[in-house]
Amino acid sequence: LTAQKLLKKEKIKYVCAVHASDITVLTDWKYSLYFKNQLKKAYINADKIAARSPVLKRKIEEIIHCTKEKDFIAFSGLDEETFSSACGYSGNKKELNPKNITITTISSLIKRKNIDIIIKTLSLLKEYNIKLKIIGSGKEEKSLKDLASKLNLNEKITFTGELNHSRVMEELNKSDIFVLLSAHETFGLAYLEAMAANNIIIAKKDDGIDGILINEKNSFLINIDEYELKDCILQILSSDKKDIDLIRQNACNTINKLTSAEAAKNYSENI
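All of these numbers come straight from a predicted model, not from anything done at the bench. (Residues numbered from 1 in each chain as written. Predicted model: local features only at pLDDT ≥ 70, side-chain atom pairs only at ≥ 80, totals over all residues. Heavy atoms only, no water.)

(A) View of the nonpolar core. Counting residues in each nonpolar core, the largest one holds 58 residues, and the members touching the most others are I119, F178, I202 and L229. Apart from the residues lying within four places of it in its own chain, the contact partners of F178 are T104, T105, I106, L172, A190, Y191, A194, N199, I200, I201 and I202. Membership of the second largest hydrophobic core comes to 15 residues, among which are Y14, L26, Y43 and A46. (Core = buried A, V, L, I, M, F, W, Y, C linked by side-chain atoms within 4.5 Å. Buried < 20%, exposed > 50% of the residue type's maximum accessible area, 1.4 Å probe, protein only. Contact = heavy atoms within 4.5 Å.)

As structure tokens, this is what we get:
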């Protein structure tokens with residue numbers, strides 16, 4: 001919006017980014033009186049449009065039909081320290097043991113992250129030895145802890161609170177499956193970090209990092225539903241080792257292309 005105002009005073013070129021919040025402004029009736037039309041005009045006048053994920057690229061093209069010739073995906077990348085220890089290069093070769101599974105999620109504990117769905121799923125899998133670690137804090141923390149108590153899951157669930165990056169990577173290196181069914185996600189760097197730590201990824205389909213995550217190739221993509229998540233976890237636990245190894249290898253191949261250096265190069269070339 002600011003760049004668009006500057007256009008009236010001097011001739012400049014500008015790039016508009018697309019985050020999940022921008023799609024909300026362009027589609028939610030609450031913004032229709034002013035911001036929706038102003039933001040739409042800003043995208044139309046932009047020289048380039050940097051969509052933060054394949055899903056957001058598709059959505060902006062559906063909303064503003066003239067963007068296809070000038071939009072590109074501006075993905076996030078893993079920093080060099082995280083990438084250097086990725087995919088078992090540091091000796092982290094995991095074996096999935098269906099009798100002893102750790103699931104990890106990393107998130108702000110707010111409603112749209114849908115952490116309650118993961119907790120409810122765990123209650124459907126009580127006969128399995130599955131532990132859940134919830135990393136993060138937020139205004140939903142108390143209600144999530146209350147839900148865990150109500151479902152008699154306190155012994156299976158650990159709330160770690162916020163951790164620094166090195167501690168997060170330590171926890172991911174001890175984890176088997178990473179689950180985050182976040183709605184209206186822009187990208188989600190935590191998915192890439194979990195892939196770097198050899199976790200099997202379960203994410204929400206048609207949101208956030210969908211398009212980089214490909215269902216049953218380098219990850220699993222599902223709807224926000226505890227029964228669907230339960231079935232997905234059971235599918236992973238019952239899969240042949242070679243199938244799981246293939247998904248992990250494909251995930252490794254994916255993050256090979258998603259370093260911070262590659263992200264910067266991609267952005268630079270597009271502008």
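Resuming the write-up.
(B) Broad picture of the sheet that holds strand β3 (residues 71-73). Across the sheet, three strands lie side by side as β1-β2-β3; this open sheet has parallel pairing. Taken across any chain shown, the strands that pair with only one partner, and hence form the sheet edges, are β1 (15-18) and β3. Direction aside, neighbouring strands of the sheet carry axes that sit 25° apart on average. Taken strand by strand, helix α12 (residues 260-270) contacts β1, β2 (48-51) and β3, and its axis lies near 170° from that of β3. (Pairing = 2+ DSSP bridges. Helix = DSSP H or I, 4+ residues; strand = E, 2+ residues; numbered from the N terminus. Axes fitted to C-alpha atoms, helices over the stretch in contact; angles between N-to-C directions.)

(C) Inspection of the packing of helix α6 (residues 115-123) against helix α7 (residues 141-150) at higher detail. Relative to each other, α6 and α7 sit at 10°, their axes nearing to 10 Å. On the basis of the axis angle, α6 is roughly parallel to α7. When α6 is examined against α7, the residues I115, D116, I119 and K120 are found in contact with a partner set consisting of L144, L147 and A148. Per-class residue counts for the contact of α6 with α7 are five nonpolar, no polar and two charged. (Parallel < 35°, antiparallel > 145°, perpendicular 65-115°, else oblique. Nonpolar A, V, L, I, M, F, W, Y, C, P; charged D, E, K, R; others polar.)

(D) Spatial organisation of the packing of helix α9 (residues 189-196) against helix α11 (residues 241-256). Running from N to C, α9 and α11 cross one another at 125°; their axes reach a closest spacing of 9 Å. In this view, α9 runs oblique relative to α11, as classed from their interaxial angle. Remark: the crossing between α9 and α11 carries left-handed chirality. Across the interface between the two elements, L192, M195 and A196 from α9 touch A251, T254 and I255 from α11. Of the residues assigned to the contact of α9 with α11, the class counts are five nonpolar, one polar and no charged. (Left-handed = near helix turned anticlockwise from the far one by under 90°.)

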